[in-house]
Structure formats: C-alpha cells, structure tokens
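Here is what each chain is made of, one letter per residue.
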Amino acid sequence: MSIETTLFAAADKMRGSMDPGEYKHVALGLLFLRYIGVAFQRKYDELLPEGQEIAEDVDEYLADGIFWVPEPARWKTLSANAKDPKIGVQVDNAMRAIEAENEQLKGALPKVFGREALDPAIVTGLIDLFSNIKFDGTPKDFDLIGRIYEYFISEFASNEGKRGGDFHTPKPVVELIVDMIEPMKGRLYEPCCGSGSFMVQSERFLEHHSGRRADLAIYGQERNHTTYGLARMNLAIRGIVANIQWNAEGTLLRDAFPDEKFDFVMANPPFNISDWSGDILAEDRRWKYGTPPVGNANFAWMQHIYDKLGSTGIAGVVMANGSMSSVSSGEGDIRRAMVEGGAVDAMIALPGQLFYGTQIPACIWILAKDKSNGIAKDAKLRDRRGQVLFIDARKMGALVPGSRKQKELSREEIERIAAAYHAWRGEPDAGAYADEPGFCKAASMEEIAKHDYVLTPGRYVGASAAEEDGEPFEEKFERLTAELRAQFAEGRRLEQEIEARLEALE
C-alpha cells in the first residue's frame, strides 16, 4: 500500500459522519500547512548557523520562493499544541497570519478549523497523522507532498460524486489531453480550472520532456471560491506560478482574460448545465458557429475555448457524449458549422466508468484554430484541412484494483492514443500514420457529411479485425455446440436438484 493510500485511509477514518465535501477543506488545509512548514523549517535550519537575525529575515525566504511562516503558524508550534481544545482556533489564526505575510496566498487558505461544529479531536488527529510523514531532506519531499495532496483531491472527489454537473477530471484523462496537445512552450489557459489538475500535469509533461518552466505561462479561471483556494494551494505545493482569477459570475458570463489569446487550452467544463445565463449572452460575439441553446452550455464552452485560441492554438476539451450527436435546439447545426469551418481536429470516444461518482460516458474534442498550420515541439505540423481524426477508445481501460465500477486508462493506452494523433498531424518523430480498423480513422469531409455531421468515432473506425486463432470453422462450431449442450444439461440437472431440495423443505 502506498503512503498516499495509507494516509488517506487514516485521514478518512477520522472523518466519521462529516460530509466529505466539508472535510476535504480541513484535511487539505492542514496538509498545505504541513508542506509550507517543511519548506520553511528546512530553510530556517540552513540559515540558523548564520545567526538568529538572518534566520528570521523574511527576504531570505522570499528570494528562494519559500513562503514566510510567522512563529505561531509554524508546524512545530501547532504540533506542540495539537491536544489543546482550542487548536482549531489556533489553526485558523495560523492561516490568517500566513495570508497576511504572503500576498500570493491572500484569500486562498481555509479558516474552518475553529467552528463549533468541528470536533477538535479531528484537527488533533490530522496534525498527528501529518506529523508522521517521513521526509528524507531532498527535493523529492515536495513531490511526495504534491502526490499526497493530489491523491486526497481525487479520493474526496470520488466520495463526493456528482455536484451540479461538475466532475473531477480523472488523472488518466488529464494525462491523455496533455500528452496529445503537448504544451511545451507558450501560453496555457484553463477556463474552469477546478483544483488545477491540467496545470500540474502540464508542468510534469515539461519535466519529462526536458522543457523549461519559464517557457510556459499559465492562466486559469474558477467560479467556485473554495475550489479556487484548493487550486492555489495545489499549485503552490508544486511551486507553479500561475495567474488564476476568480469571480462569482463565471467564465462564460465574465471572462477574466477578455483580451488574451492562448497557444493551449485544456478544460473539463461542467456537462450539460442549463443555468449559464444563455439568455443574457444570446448576441455574444464568441458564437461564431451559432448561438448555443439557452438550456445547455456545452457548445457555449466549446466556442468560448475556440475563441481563446491564438493563430496556431490547440485545445483539448472533455465533453459529454451527447455533444457528438445531439441535434436538439440547434446543436446539430453548430456542430456542422464547426466541422465545415475547420475547428475540429480530432474526436476521441472514451471508455465508460472513468469518472468518479458517475457512469456518464464522455469524449474529448481536439480543436485547432488553423488546421493548415500548427507547431509541436518546434516542428511545423502538416496541413490537416478537410480531415478529422476519429479514435475509438471505448474498449480500452480496466477496473481500478479494488473497485467494481471505476475504470482507468493505462499508461500504454494513453501513449497509443497520443501516438496515433501525433502521427496523423505529421509530427516528424511520430512515424507514419495509418488507419486502424476498430481504433482510428482519418475521415474526409464527404464521409462526415454522409453521417450527417454526427462525430461519434464508432461510426467511422468500423469493426476491428477478428483475431485469427487457427481453428477451422467446422471444428470450432462442433466444439462450441458441444460446450453449449453440456451447459444445457448441467442447467437441467441443477434445476432438478433445486426442485428436490425445495420439496424436502415442505
């Protein structure tokens, strides 16, 4: 069992009957305090030999990107007072003190620990639990806390389930979109950023491909203020600098970056929401391909995202499957206009059961501002105008160990999907592209028109070739028939046995 799993199991046990949606802010807030406590203490111990005055110099910490932690907010202070009945109030005060000293955290930290409804024993238990995390004194410590934080977020999302159409994006889906659109250099935007999972994964992608953090500027917007706080803590733990904005109206009604364009956009917008102020936005300039229906924001999100793309921009958007085939309220006309206008680069049908707390099937839309161009890893892409790539990944994925309803994509499956897309769009190191029955197909505009602009990949890729097992048909038919007859006979025997036992009971 990993340290993430062990810690979450222990933390969740303390939750008792508390709602997971409330408890996550308690647990994640203390985990964040633990993180900045470790970073601060390490720097403090390094400076102390130079004198107490140097060790208490705020500028020494800010110069290294380390948050300054006032004495009452330091982990060792809180840990020493963990069993105090007023520990919740002390933690709230610690959060306020840290925000007062660190401008970039202002308004991000939870102050929920001193409430009467929260049992101080929970705060005490979590402080003791997180105090026991073993660190080895290397930069890997911060990666460990980042992993724990991310695991807690995903597990709480699993426990919370659906919240008004919002679904936490499973890590393999985040990885798939990042791997497909390859954000190596430029400006990255997440219009409904949630806890910042796409941003964190993009940084990871840069590290794995020897990219430089300075080459990627990150922007995001979030409507839910508490989630906005989680995102800022999540990015701070990873040392990621990003411009994240919050407003109560939300991205569609009040875009925080109205004059900005981006090279990469990634999003998992809330599915099928009806309360998006569509009546107010009916004449909005973003609806290049048609006014989205008032009762469903799916095509409002996609057109907003498309509008934010720069001249070579590319976007990956998670959508409900209905977006690929719906014709209600003009959605079919918008989809047709997007295809004919060259906005759609690729479509991926995902396996079911990938999302926490819902069985809703989903897909990924890859949008491109101009399919005649594009740059990936400093290489120019081929002209893809007149084509759309369809990938059917519905048969991929396997149940998560220990779960009977949660699936995930493997690393190999993610790489296979991304490789097909990279080869199709002409990346020099991706090899030659070829259609693969049952998996991928590059369809022409004529073929898409024949399907009335329904973009379900299964319509295009066809069936996969049956695997040849070498058994002659006659022999296989005889064998299977015999097996079936044997099963019929066994069924009749069991039926008689059950009847006999029932009679014996009467």
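Residues numbered from 1 in each chain as written. Predicted model: local features only at pLDDT ≥ 70, side-chain atom pairs only at ≥ 80, totals over all residues. Heavy atoms only, no water.

The protein chain goes by site-specific DNA-methyltransferase (adenine-specific) in an unreviewed UniProt entry, where it is assigned to Thioclava nitratireducens. UniProt, in its Sequence similarities (unreviewed entry) section for the protein chain, records the words "Belongs to the N(4)/N(6)-methyltransferase family." The annotation that UniProt attaches to the protein chain under Catalytic activity (unreviewed entry) is "a 2'-deoxyadenosine in DNA + S-adenosyl-L-methionine = an N(6)-methyl-2'-deoxyadenosine in DNA + S-adenosyl-L-homocysteine + H(+)". (UniProt positions renumbered as here; feature names shortened; annotations may be inferred.)

Caption draft 1: Inspection of the nonpolar core at higher detail. With 55 residues, the main nonpolar core has Leu30, Phe32, Val91, Leu126 and Phe152 as its most contacted residues. Going through the elements one at a time, helix 1 (3-15), helix 2 (20-47), helix 5 (75-80), helix 6 (87-101), helix 7 (120-131), helix 8 (140-160) and helix 11 (225-238) are the ones with two or more residues in this core. At 14 residues, the largest contribution of residues to this core is made by helix 2. Here Val91 is in contact with Leu30, Leu33, Leu78, Phe113, Val123 and Ile127, once residues within four sequence places are set aside. Val173, Leu206, Ile391 and Met396 belong to the second largest nonpolar core, which has 50 residues in total. (Core = buried A, V, L, I, M, F, W, Y, C linked by side-chain atoms within 4.5 Å. Buried < 20%, exposed > 50% of the residue type's maximum accessible area, 1.4 Å probe, protein only. Helix = DSSP H or I, 4+ residues; strand = E, 2+ residues; numbered from the N terminus. Contact = heavy atoms within 4.5 Å.)

Caption draft 2: Expanded view of the packing of helix 1 against helix 7. Interaxial distance between helix 1 and helix 7 falls to 10 Å at its minimum, and their mutual angle equals 170°. Between helix 1 and helix 7, the interaxial angle falls into the category roughly antiparallel. Packed against helix 1, whose contacting residues are Leu7, Ala10, Ala11, Met14 and Arg15, the element helix 7 presents Ile122, Gly125, Leu126 and Leu129 at the interface. Partitioned by chemical class, the residues of the contact of helix 1 with helix 7 number 7 nonpolar, 1 polar and 1 charged. (Axes fitted to C-alpha atoms, helices over the stretch in contact; angles between N-to-C directions. Parallel < 35°, antiparallel > 145°, perpendicular 65-115°, else oblique. Nonpolar A, V, L, I, M, F, W, Y, C, P; charged D, E, K, R; others polar.)

Caption draft 3: Quick look at a negative patch on the surface. On the surface, Glu495, Glu499, Glu503 and Glu506 cluster together into a patch of negative charge. Residue position: Glu499 is located in helix 17 (residues 473-505). (Patch = residues over 30% accessible without salt bridge, like charges linked within 9 Å, V, L, I, M, F, W, Y side chains within 5 Å. Areas by Shrake-Rupley, 256 points an atom, 1.4 Å probe, with all protein chains shown as cover. Salt bridge = Lys/Arg side-chain N within 4 Å of Asp/Glu carboxyl O. Lys, Arg positive; Asp, Glu negative; His and termini not counted. Charge placed at Lys NZ, Arg CZ, Asp CG, Glu CD.)

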